[in-house]
Amino acid sequence: MKIISIVGARPNFMKIAPFCAALKQYPEIEHLLVHTGQHYDCRMSDSFFTDLGIPEPDIHLNIGSGTHAEQVGRTMIEFEKVVKADKPDWIVVVGDVNATCACSIVAKKEHVKLAHIEAGLRSGDLDMPEEINRLVTDRLADMLLTPDRISGENLRKEGVPESRIAFVGNIMIDTLEAQRDKAAARKVEEIARRELLFEREIPELPEDGYAVMTMHRPSNVDQSEILKPLIDFLAGEVAQELPLLWPIHPRARKQLELFGLWEKAVSTPGLVLLNPLGYHDMLRLNMGAKLMLTDSGGLQEECCVLGTPCLTLRWNTERPITLNENGGASFLVGNEVTRIRQAFRDVMNSTRRPQRPELWDGHTAERIVEALIHAGKR
Ligand code: UD1
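These remarks concern the structure in this document. All of these numbers come straight from a predicted model, not from anything done at the bench.

1. Quick look at a negative patch on the surface
Reasoning step 1: A contiguous patch of negative charge on the surface is contributed by Asp-41, Asp-46, Glu-56 and Asp-58.
Reasoning step 2: On the secondary structure map, Asp-58 appears in the loop between helix 2 (46–52) and strand 3 (59–60).
Reasoning step 3: For Asp-58, a relative accessible area of 46% corresponds to the partly exposed category.

Right under this line is the structure:
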């Protein structure tokens, strides 16, 4: 059996690492790893390969940045050449980034079987590019590997035949469990000092005495009317109460500069701007944080397992299993300050409550490889 798997952007890397590791147990399976190059900065890409022991990609498509159509179009053109030349039995895609969608379309047009890891997530929000990618990918996939039971139900409601759905658990938690000890050995202050965006004094960062945030979604950072009040609140209120560490995504930085908010972010003493972090550093900060504020999907899941109270800066989530009402650590607070302020007050009085959804046990990748082998025999 020959498998091609795809990565493109940062959130893919922690999902492909355990899959590559599990495949090593099966030398009879030929595996090619393709990196589309949607993310290309060392801090957004290469560092994860090194930190997570992902093998050097066999093929680089060097797609780079661009509009959605440019990224998807260029990826399709380049990936089609790979599929035609290498003729795999299966193409395996992960997550919901543009690379996932583009390569899924190519797979099916080339009559290659398609497996999707992290299938069935639905936010119901078609303004999110990721939701479009999820819908297209799942509609085309021959094997839909779901992280939780809610995702399986979503697929059944859409009419996906039972034979295509396999509930395998959350592969990203394989990575978290494999890397937990290495992350735990790091020191929060050392990470902050090493990754400071520019030289400055940093406040003390006691365990359970600092907050971490990440924010990069277009819905939060692309409009000044939304981003400005958020920054006013985060810098003017949250960072006044406890140090707020912000590893900043290139897109968010660009938008702060564009809207004239950069100076404020930089000059607030309690707001500590950091470079985009490597996997272990981010995991370590999450382990000791009093709270997380984020619009990232993966962090909602990591907070759930670690128990870090998480204010999710979105109006909806494709990961409802992580929500407080379902036993998780995450609270959907949108991007409107009155609502975030109230939730911030509430979680400042709460404590860490780890929760592990069914099959988030660190063995998802093994189940995925077994499912592929089983399907190959049918
Ligand atoms: C992509 C994913 C999103 C994911 C995010 C995590 C899609 C539709 N979105 O969004 O789901 O949460 O990655 O990071 O695929 N840039 C750099 N260096 C890089 C890559 C990007 O500076 O290595 C800058 C470029 O200016 C680029 C911008 O960041 O235009 C946005 O990058 P892009 O890959 O288009 O989307 P993300 O916002 O990163």
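2. Points about the site of the ligand
Reasoning step 1: Lining the immediate surroundings of the ligand are 21 residues, of which Gln-38, His-39, Tyr-40, Glu-130 and Lys-254 lie closest.
Reasoning step 2: Contact between the ligand and His-39: an oxygen atom at 2.7 Å from a side-chain N or O atom of the residue.
Reasoning step 3: Here an oxygen atom of the ligand and a backbone polar atom of Tyr-40 are 2.9 Å apart.
Reasoning step 4: Compared with its free state, where it exposes 740 Å², the ligand has 87% of that area covered by protein.
Reasoning step 5: Those elements that provide at least two residues to the shell around the ligand are helix 1 (10–23), helix 3 (68–86), helix 5 (129–140) and helix 11 (250–258).
Reasoning step 6: Its residues placed into classes, the shell around the ligand shows 6 nonpolar, 9 polar and 6 charged.

3. Observations regarding the environment of Tyr-210
Reasoning step 1: Inspection of the secondary structure puts Tyr-210 in the loop between helix 8 (188–195) and strand 8 (211–214).
Reasoning step 2: Take Tyr-210: its relative accessible area is 0%, and that puts it in the buried class.
Reasoning step 3: Filtering out sequence-adjacent residues up to four positions away, Tyr-210 remains in contact with Val-188, Leu-205, Leu-242, Pro-243, Leu-245, Arg-284, Leu-285, Gly-288, Ala-289, Lys-290 and Leu-291.
Reasoning step 4: From its side chain, Tyr-210 meets the backbone nitrogen of Ala-289 in a polar contact 3.4 Å long.

4. Structural notes on helix 16 (residues 364–377)
Reasoning step 1: Spanning 14 residues, helix 16 covers 20 Å between terminal C-alpha atoms, matching the ideal 20 Å at 1.5 Å per step.
Reasoning step 2: Buried within helix 16 we find Thr-364, Ala-365, Ile-368, Val-369, Ala-371, Leu-372, Ile-373 and Ala-375.

5. Points about unusual backbone geometry
Peptide bonds are, in most cases, trans, and in most cases residues other than glycine have a negative phi.
Reasoning step 1: Despite not being glycine, His-111 shows a phi value in the positive range, around 60°.
Reasoning step 2: Relative accessible area serves as the criterion here: at 72%, His-111 is assigned to the exposed category.
Reasoning step 3: Not every positive phi belongs to a glycine, and Glu-118 is a case in point at roughly 85°.
Reasoning step 4: Summarising the element assignment, Glu-118 is placed in the loop between strand 5 (113–117) and helix 5.

6. A short note on the environment of Ala-183
Reasoning step 1: When you line up the elements, Ala-183 lands in helix 7 (residues 171–184).
Reasoning step 2: Residue class for Ala-183 comes out buried when judged on its relative accessible area of 0%.
Reasoning step 3: Note: C-alpha distance between Ala-183 and Tyr-279 (96 residues apart in sequence) is 8.3 Å.
Reasoning step 4: Once residues within four sequence positions are removed from consideration, Ala-183 is found in contact with His-280, Leu-283, Arg-284 and Met-287.

7. So, the sheet that holds strand 12 (residues 310–312)
Adjacent strands of a sheet form backbone hydrogen bonds with each other and so pair up, either parallel or antiparallel.
Reasoning step 1: Pairing is parallel in the open sheet, where 6 strands are placed in the order 10-9-8-11-12-13. Sheet topology places strand 10 (271–274) and strand 13 (330–332) at the edges, where each strand pairs with a single neighbour. Direction aside, the axes of adjacent strands within the sheet are offset by 20° on average.
Reasoning step 2: Bridge count between strand 12 and strand 13: 3 bridges; the pairing is parallel. By the bridge assignment for strand 13, Thr-312 is matched with Leu-332.
Reasoning step 3: Against the sheet, helix 13 (residues 279–288) touches strand 8, strand 9 (244–247), strand 10 and strand 11 (291–294), its axis set at about 135° to strand 8.

8. Examining the packing of aromatic side chains
Reasoning step 1: By the definition in use, this model includes 3 aromatic pairs.
Reasoning step 2: Connected via pairs of aromatic rings, a cluster forms that spans Phe-13, Phe-48 and Phe-49.

9. Remarks on the pairing of strand 1 (residues 2–7)
Reasoning step 1: Burial runs high along strand 1: 6 of the 6 residues are buried.
Reasoning step 2: Alternating residues of strand 1 divide into Lys-2, Ile-4 and Ile-6 and Ile-3, Ser-5 and Val-7, and every residue in both groups is buried.
Reasoning step 3: Sheet topology places strand 1 next to strand 2 (residues 30–35); 6 bridges connect them, and they run parallel. Each residue of the ladder has a partner; that of Lys-2, found in strand 2, is Glu-30.

10. Focus: the packing of helix 7 against helix 14 (residues 297–306)
Reasoning step 1: Look at helix 7 against helix 14: their axes get within 11 Å of each other, and the N-to-C directions meet at 55°. It follows from the interaxial angle that helix 7 and helix 14 lie oblique. Helix-helix and strand crossings are classified by hand; for helix 7 and helix 14 the assignment is right-handed. Listed contacts from helix 14 to Met-172, Ile-173, Leu-176, Glu-177 and Arg-180 of helix 7 are Gly-298, Glu-301, Glu-302, Val-305 and Leu-306.

Rules used throughout
Residues numbered from 1 in each chain as written. Predicted model: local features only at pLDDT ≥ 70, side-chain atom pairs only at ≥ 80, totals over all residues. Heavy atoms only, no water. Patch = residues over 30% accessible without salt bridge, like charges linked within 9 Å, V, L, I, M, F, W, Y side chains within 5 Å. Areas by Shrake-Rupley, 256 points an atom, 1.4 Å probe, with all protein chains shown as cover. Salt bridge = Lys/Arg side-chain N within 4 Å of Asp/Glu carboxyl O. Lys, Arg positive; Asp, Glu negative; His and termini not counted. Charge placed at Lys NZ, Arg CZ, Asp CG, Glu CD. Helix = DSSP H or I, 4+ residues; strand = E, 2+ residues; numbered from the N terminus. Buried < 20%, exposed > 50% of the residue type's maximum accessible area, 1.4 Å probe, protein only. Near = heavy atom within 4 Å. Polar contact = N/O pair within 3.5 Å; in protein donor to acceptor, adjacent residues only side chain to side chain. Nonpolar A, V, L, I, M, F, W, Y, C, P; charged D, E, K, R; others polar. Contact = heavy atoms within 4.5 Å. Expected span 1.5 Å × (residues − 1). Pairing = 2+ DSSP bridges. Axes fitted to C-alpha atoms, helices over the stretch in contact; angles between N-to-C directions. Phe/Tyr/Trp six-rings, centres within 6.5 Å; stacked < 30°, edge-to-face > 60°. Parallel < 35°, antiparallel > 145°, perpendicular 65-115°, else oblique. Left-handed = near helix turned anticlockwise from the far one by under 90°.

Geometric descriptors of this kind do not, in isolation, establish any biological role.
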